[in-house]
Amino acid sequence: MSEKSSKRAASGFSERLRKIFIKYEEALTYIFFGALTTLVYYIARFGSRMLLGEISGAAMIATAIAQITAITFAFITNKKYVFKSKTENAGQVVREAVSFYMGRGITFLLDMLITFIFVENLSGLFIRILGLGNINYSSGLMSNAFVNKLMGSPEKMNEFIWMMLSQVIILILNYFFSKLFVFRKKSRKEDCVENERY
């Protein structure tokens, strides 16, 4: 293949990628910032969980701290980068923020419910069902000090599994709440009515 045809092929490929990105920009940026939000959630949850130690209700407190931190991060990134919401006045920003936090409040409660049921109350049952008591928590990856603090016992592994599952469910639900209720594209008539209010 000549250098000229090689450059043409590369240019054609990059043009196809650009068109795909433009077509699916919202979904791709949501996935990207959703992954970052999930990372913020994990850092806040694991960090607060480690600080709280084994106090009663530590998993619930860590979940609440992580949710509040991640929801705030998600509002900013979803508004600015994913849905590119343009607000002309403080009232519109407040409306979006209230709608966003209400939608996320539902998934916040779902996360708390999952933690309450599967981590705080039925942990022993799921440790038995999932065979988490049969794992050697002192060898392989589990021997790493950081990993061991996060998943180094049947109870911690159970918490980790349910946290991961809940975050997948929450990521999907949050996209639809944001898309359909918070940052939805307004018709021209709705936009005019809203501007008259503020």
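Residues numbered from 1 in each chain as written. Predicted model: local features only at pLDDT ≥ 70, side-chain atom pairs only at ≥ 80, totals over all residues. Heavy atoms only, no water.

1. Digging into the side chain of Gln-67
- Along the chain, the position of Gln-67 falls in helix α3 (residues 58–82).
- Sequence-distant contacts of Gln-67, defined by excluding residues within four places in its chain, comprise Tyr-41, Thr-107, Phe-108, Asp-111, Gln-167 and Ile-170. (Helix = DSSP H or I, 4+ residues; strand = E, 2+ residues; numbered from the N terminus. Contact = heavy atoms within 4.5 Å.)

2. Some words on the nonpolar core
- Ranked by size, the top nonpolar core spans 16 residues in total, and within it Tyr-41, Phe-46, Met-142, Met-151, Met-157, Phe-160 and Met-163 carry the most contacts.
- At the level of elements, α2 (25–52), α3, α6 (145–151) and α7 (154–182) are the ones that each hand at least two residues to this core.
- Ranked by the residues each element gives to this core, the list is headed by α2, at 4 residues.
- Dropping the residues within four chain positions of it, Met-163 is found in contact with Tyr-41, Tyr-42, Arg-45 and Phe-46.
- In terms of nonpolar packing, the next biggest core, distinct from the first, is built from 15 residues, Ala-64, Ala-74, Phe-108 and Val-182 among them. (Core = buried A, V, L, I, M, F, W, Y, C linked by side-chain atoms within 4.5 Å. Buried < 20%, exposed > 50% of the residue type's maximum accessible area, 1.4 Å probe, protein only.)

3. Topic: the packing of α2 against α7
- Two elements in contact, α2 and α7, have axes separated by 11 Å at closest approach and are oriented at 140°. By the angle class used here, α2 and α7 are oblique. The interaxial crossing formed by α2 with α7 has right-handed handedness. Judged by residue contacts, Glu-26, Tyr-30, Gly-34, Tyr-41, Tyr-42, Arg-45, Phe-46 and Arg-49 of α2 engage Glu-159, Phe-160, Met-163, Met-164, Gln-167, Leu-171, Asn-174, Tyr-175 and Lys-179 from α7.
- Grouping the amino acids of the contact of α2 with α7 by side-chain chemistry returns 9 nonpolar, 3 polar and 5 charged. (Axes fitted to C-alpha atoms, helices over the stretch in contact; angles between N-to-C directions. Parallel < 35°, antiparallel > 145°, perpendicular 65-115°, else oblique. Left-handed = near helix turned anticlockwise from the far one by under 90°. Nonpolar A, V, L, I, M, F, W, Y, C, P; charged D, E, K, R; others polar.)

4. Quick notes on the packing of aromatic side chains
- Summed over the entire model, instances satisfying the criterion amount to 19 aromatic pairs.
- Ring centres of Phe-33 and Tyr-81 lie 5.2 Å apart, and the angle between their planes is 15°; this geometry places the pair in the stacked category. Remark: Tyr-81 occurs in helix α3 and Phe-33 occurs in helix α2; sequence separation between them is 48 residues.
- Here the aromatic residues Tyr-30, Phe-75, Phe-83, Phe-100, Tyr-101, Tyr-175, Phe-176 and Phe-183 are joined through ring pairs into a cluster of three or more. (Phe/Tyr/Trp six-rings, centres within 6.5 Å; stacked < 30°, edge-to-face > 60°.)

5. Remarks on empty space enclosed by the protein
- Taken as a whole, this structure holds 1 cavity of 30 Å³ or more when the rule is applied.
- In this structure, the largest cavity spans a volume of roughly 170 Å³.
- Thr-37, Arg-104, Gln-167, Ile-170 and Asn-174 are, among the 17 residues lining the largest cavity, the residues nearest its centre.
- Listing elements by their share of the lining of the largest cavity, those giving two or more residues are α2, α3, α4 (90–121) and α7.
- In terms of residue count, α2 provides more of the lining of the largest cavity than any other element does, 6 residues in total.
- Its residues assigned to classes, the lining of the largest cavity comprises 8 nonpolar, 8 polar and 1 charged. (1 Å grid on protein atoms, 1.4 Å probe; cavity = no way out; pocket = protein on both sides within 12 Å on 5 of 7 lines; lining within 4 Å. Points joined across faces, edges and corners; volume = space filled by probe spheres on them.)

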